[in-house]
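Overview (structure and organization)
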Amino acid sequence: MQNKMMLTRFVRSCALCLLAAVSFASIAGAQTSEVGRAQAVTAEHGMVVAQEAIAARVGVKVLQDGGNAIDAAVATGFAMAVTYPRAGNIGGGGFMVIHRANGEDTTIDYRETAPGAINAKSFLDAQGNADPEKSRSSALAIGVPGTVAGLAMAEAKYGSGKFTLAELMAPAIALARDGFTLADDTADALPRDWPRLKRWPSSVRIFGKADGSPLADGDKLVQPELADTLAAIAKDGPQALYQGPIAEKIAAGVQAAGGVMTADDLKNYRAIERAPIRGSYRGYTIVSMPPPSSGGIALVEMLNILEGYDLARESHAQELFLMTEAMKRAYADRAFFLGDPDVVKIPVPRLTSKGYAAEWRATIKPDRATPADDIRAGGEVREEGRNTTHFSVVDQFGNAVSNTYTLNFSYGVGLVAAGTGILLNNELDDFAAKADSPNAYGLLGDEANAPGPGKRPLSSMTPTIVLKDGKPFLITGSPGGSLIINAVLQVVTNVIDRGMDIATAVSTPRVHNQWKPDIVFAENGVADDIVATLQARGDTVMVRRLPTSANSILAAPTGFIGAADPRTRGALAAGY
Ligand code: DON
């Protein structure tokens with residue numbers, strides 16, 4: 001009887017897992033089946049670690065010209081919208097965590113919002129079931145883009161003042177106008193993602209050849225309409241995108257493709273500065289992204305649970321076992337409690353408290369895996385109430401920026417709004433279209449993350465800055481949908497608990513559990529004894545690729561050491 005139940009559960013889980021696998025294959029961050037070894041790069045004054053080399057160098061040049069980390073991040077962010085179109089964007093959204101040289105920390109939420117016409121039933125079929133076609137592949141999935149508002153806000157508030165927005169955007173405009181040679185991950189991804197892009201002539205004109213096939217490695221990508229759009233923003237500021245002819249073209253492009261975004265939705269978009277999630281871990285301070293990201297809360301919750309163990313003394317296998325147990329609990333809370341903080345009440349202080357973590361820790365058996373179904377999300381708290389890219393930046397003044405932004409899938413929904421050059425996202429799949437119906441990353445959600453007008457879908461993006469004695473120590477984050485939070489967790493613990501150098505901390509194969517499906521995913525390369533230990537504790541373990549890319553920087557006695565994640569071709573750590 002029990003075996004039969006287990007088998008049923010396994011089959012159900014595997015169906016979800018397969019679903020997740022399909023989408024993992026289509027997201028940024030994955031090219032190699034085995035994790036290579038990151039190169040450690042040192043720099044004395046400042047550094048940018050990003051997924052695409054041209055854009056990383058754009059940021060370093062700004063640093064060399066006396067700019068601060070925020071100036072450099074903004075220049076890199078706009079450049080990647082041109083040179084890394086599968087995830088760099090102005091048609092999507094993201095999050096920026098900033099540590100300022102004066103000791104203050106802040107975050108900028110430039111997550112996409114749902115158009116006013118989206119409601120709780122928008123992504124259901126006629127029978128009332130979640131319809132992934134609607135939330136992932138159709139123009140209904142497109143959220144109001146936030147990147148331009150977010151980058152402009154970061155620059156206006158925290159830029160050095162030495163550069164105008166136009167000056168920081170100039171390299172991006174030139175790259176779009178003059179073109180550049182497709183290489184690395186961008187070239188690898190384009191043929192794979194072509195079926196989505198080729199549905200729209202406006203996308204084929206830019207990313208295709210005359211014979212209708214996608215541009216390939218070595219071809220030149222020229223984006224004149226994107227150059228015009230960027231030039232208009234450089235000249236008139238972000239309102240050039242949110243009001244007037246460009247906004248009207250975006251709305252018209254979305255509507256022509258069957259979506260519901262209006263020019264008013266664009267006009268109403270606001271980036272929001274929010275206080276970061278703060279936590280502590282063995283004397284270090286964790287500064288990370290608050291809701292609508294689940295990343296900061298889940299990261300701090302897991303670190304709080306793990307702080308109760310002397311991980312440095314545990315075997316690597318036992319460390320990872322305890323970690324997966326913490327993951328299950330934090331992801332269960334994520335599914336239950338988290339959503340847009342402007343719409344739902346989230347018990348943030350409790351979820352991130354040491355006491356709450358102690359309650360969870362008491363439910364962990366050191367030698368026996370807890371089945372996902374036995375984890376009751378939230379306990380007493382209930383009463384209270386996936387393409388992406390990450391870059392890390394530090395400067396000579398003591399500022400640091402951790403930025404993750406995304407179109408959700410690689411090349412978003414695949415639609416370029418005609419006449420704008422802007423590739424649009426399919427971020428609204430990050431809502432829980434229906435309770436118990438997983439999104440593309442297999443994540444479940446509840447009412448807190450139901451679709452609604454103007455709402456921001458819950459994210460897993462976890463741009464994070466770890467401080468030591470109030471100064472930037474580790475800057476990290478990753479793409480990878482549901483894998484992101486656990487990737488960041490393992491970079492942090494690899495450095496703090498296992499004393500790894502940053503290249504090893506980033507390269508070491510990772511494990512992942514997201515509560516449901518009730519499976520521990522072990523990245524190719526995880527040692528056999530670790531897999532055996534997890535299995536012996538009762539976990540179902542699947543070994544596979546885990547496409548993440550944690551481009552990270554660690555402070556060094558004289559300057560910084562950067563590690564570009566080797567999992568994806570083309571990432572670069574560059575400094576001076
Ligand atoms: O915000 C989120 O959590 C997802 N839309 C991120 C997607 C992602 O990381 C895909 N890339 N690898």
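In case you missed it, the structure is sitting above this.
Residues numbered from 1 in each chain as written. Predicted model: local features only at pLDDT ≥ 70, side-chain atom pairs only at ≥ 80, totals over all residues. Heavy atoms only, no water.

1. Some remarks on the overall build of the chain
- Looking only at helices and strands, one finds 19 helices and 21 strands in the chain.
- In terms of C-alpha radius of gyration, the chain reaches 22 Å, essentially the compact-globule figure of 25 Å for 576 residues.
- Projected onto its principal axes, the C-alpha coordinates of the chain cover approximately 60 × 60 × 45 Å.
- Split by element, the accessible area of the chain, about 19,300 Å² in all, is 53% carbon and sulfur.
- If the 55 positive side-chain charges of the chain are averaged to one point and the 61 negative ones to another, these points end up 2 Å apart. (Helix = DSSP H or I, 4+ residues; strand = E, 2+ residues; numbered from the N terminus. Rg over C-alpha atoms; globule rule 2.2 N^0.38 Å. Areas by Shrake-Rupley, 256 points an atom, 1.4 Å probe, with all protein chains shown as cover. Lys, Arg positive; Asp, Glu negative; His and termini not counted. Charge placed at Lys NZ, Arg CZ, Asp CG, Glu CD.)

2. Topic: the sheet that holds strand E8 (residues 277–281)
- Spatially, 7 strands are ordered E1-E20-E19-E15-E14-E9-E8 in an open sheet, and the strand pairing comes out antiparallel. Edge positions in the open sheet fall to strand E1 (40–43) and E8, since each of these has one partner strand only. Taking each pair of neighbouring strands and ignoring which way they run, the sheet shows an average axis angle of 25°.
- In terms of strand pairing, strand E15 (residues 471–476) meets strand E19 (residues 552–556) through 2 bridges, oriented antiparallel. Looking across to E19, one finds that Ile-475 is bridged to Ile-553. (Pairing = 2+ DSSP bridges. Axes fitted to C-alpha atoms, helices over the stretch in contact; angles between N-to-C directions.)

3. Things to note about the side chain of Thr-476
- Structurally, the position occupied by Thr-476 is in strand E15.
- Not counting residues within four places of it along the chain, the set of residues in contact with Thr-476 comprises His-390, Ser-392, Ser-402, Thr-462, Pro-463, Thr-464, Val-488, Val-491, Ala-550, Asn-551 and Ser-552. (Contact = heavy atoms within 4.5 Å.)

4. Section: the pairing of strand E10 (residues 388–394)
- Here E10 lies mainly inside the structure; 7 of its 7 residues are buried.
- Burial of E10 is two-sided: the residues Thr-388, His-390, Ser-392 and Val-394 facing one way and the residues Thr-389, Phe-391 and Val-393 facing the other way are all buried.
- Bridge analysis of E10 against strand E11 (residues 400–406) gives 7 bridges, and the strand direction is antiparallel. Pairing of Phe-391 across the sheet is with Asn-403, part of E11.
- Joining the antiparallel neighbours E10 and E11 is a turn of 5 residues, in which Gly-398 adopts a positive phi near 110°. (Buried < 20%, exposed > 50% of the residue type's maximum accessible area, 1.4 Å probe, protein only.)

5. Digging into the sheet that holds strand E3 (residues 93–99)
- Read from one edge of the open sheet, 7 strands run E7-E4-E3-E11-E10-E2-E21, paired in antiparallel fashion. Each edge of the sheet is formed by a strand with only one pairing partner; in this case those strands are strand E7 (272–274) and strand E21 (572–575). Mean inter-strand twist for the sheet, computed between neighbouring axes without regard to direction, equals 15°.
- Where strand E2 (residues 47–50) lies against E21, 4 bridges are found, and the strand directions are antiparallel. Its bridge partner lying in E21, Ala-50 is registered against Leu-572.
- The strands touched by helix H2 (residues 53–64) within the sheet are E2, E10 and E21, with E2 carrying the most contacts at an inclination of about 165°.

6. As for unusual backbone geometry
- Cis geometry marks the peptide bond from Pro-291 to Pro-292; its omega dihedral reads 15°.
- Along the polypeptide, Pro-292 turns up in the loop between strand E9 (284–288) and helix H13 (295–307).
- With an omega dihedral of 5°, the bond running from Lys-516 to Pro-517 counts as a cis peptide bond.
- Even without glycine at this site, Asp-184 takes up a positive phi of about 50°.
- Looking at the element boundaries, Asp-184 is found in helix H7 (residues 184–197).
- Its identity as a non-glycine residue notwithstanding, Trp-515 has a phi of 75°, on the positive side.
- Mapped onto the elements of the fold, Trp-515 is located in the loop between strand E16 (511–512) and strand E17 (520–523).

7. Side note on the packing of aromatic side chains
- Under the defined criterion, the tally for this structure stands at 6 aromatic pairs.
- Consider the rings of Phe-207 and Tyr-411, whose centres lie 5.7 Å apart with planes at 75°: the pair is edge-to-face. Grouping residues by exposure puts Phe-207 and Tyr-411 together as buried.
- A centroid spacing of 6.2 Å and a plane angle of 70° characterise the contact between Tyr-356 and Trp-360, whose relative ring orientation is edge-to-face. Remark: Trp-360 and Tyr-356 occur in helix H16 (residues 354–361); sequence separation between them is 4 residues, near one turn of the helix. In this pair, the class of Tyr-356 matches that of Trp-360, namely buried.
- Positioned above the aromatic ring of Phe-321 is the side chain of Arg-537, whose terminal nitrogen or guanidinium carbon lies 5.3 Å from the ring centre.
- Seen from the ring of Phe-521, Arg-544 lies directly overhead, with NZ or CZ sitting 4.9 Å from the centre. (Phe/Tyr/Trp six-rings, centres within 6.5 Å; stacked < 30°, edge-to-face > 60°. Lys NZ or Arg CZ within 6 Å of the ring centre and 35° of its normal.)

8. A short note on the pattern of salt bridges
- One pass over the structure, following the stated rule, counts 31 salt bridges.
- As a salt-bridge pair, Lys-209 and Asp-219 come within 3.2 Å of each other at their nearest N and O atoms. Separated by 10 residues along the polypeptide, Lys-209 in the loop between helix H8 (201–207) and strand E6 (220–221) and Asp-219 in the loop between H8 and E6 bring together distant segments of the chain.
- Using a relative accessible area of 34% as the deciding quantity, one classes Lys-209 as partly exposed.
- A salt bridge links Asp-373 to Lys-516, with the nearest nitrogen and oxygen atoms 2.8 Å apart.
- Taking the relative accessible area as the measure of exposure, Asp-373 reaches 33% and is therefore partly exposed.
- Residue classification places Lys-516 among the partly exposed residues on the basis of a relative accessible area of 23%.
- The network of salt bridges with common partners includes Asp-109, Arg-274, Asp-342 and Arg-456. (Salt bridge = Lys/Arg side-chain N within 4 Å of Asp/Glu carboxyl O.)

9. A short note on the pairing of strand E20 (residues 559–563)
- Across the 5 residues that make up E20, a large majority, 4, are buried.
- By the bridge criterion, 4 bridges tie E1 to E20 in an arrangement that is antiparallel. In the strand pairing of E20, Val-41 is matched with Gly-562.
- The pairing of E19 with E20 spans 5 bridges and is antiparallel. Note that in E20 the partner of Ala-556 across the bridge is Gly-559.
- In textbook terms, the turn of a hairpin is the stretch between consecutive antiparallel strands, and for E19 and E20 this stretch comprises 2 residues.

This is a description of form; function is not addressed.
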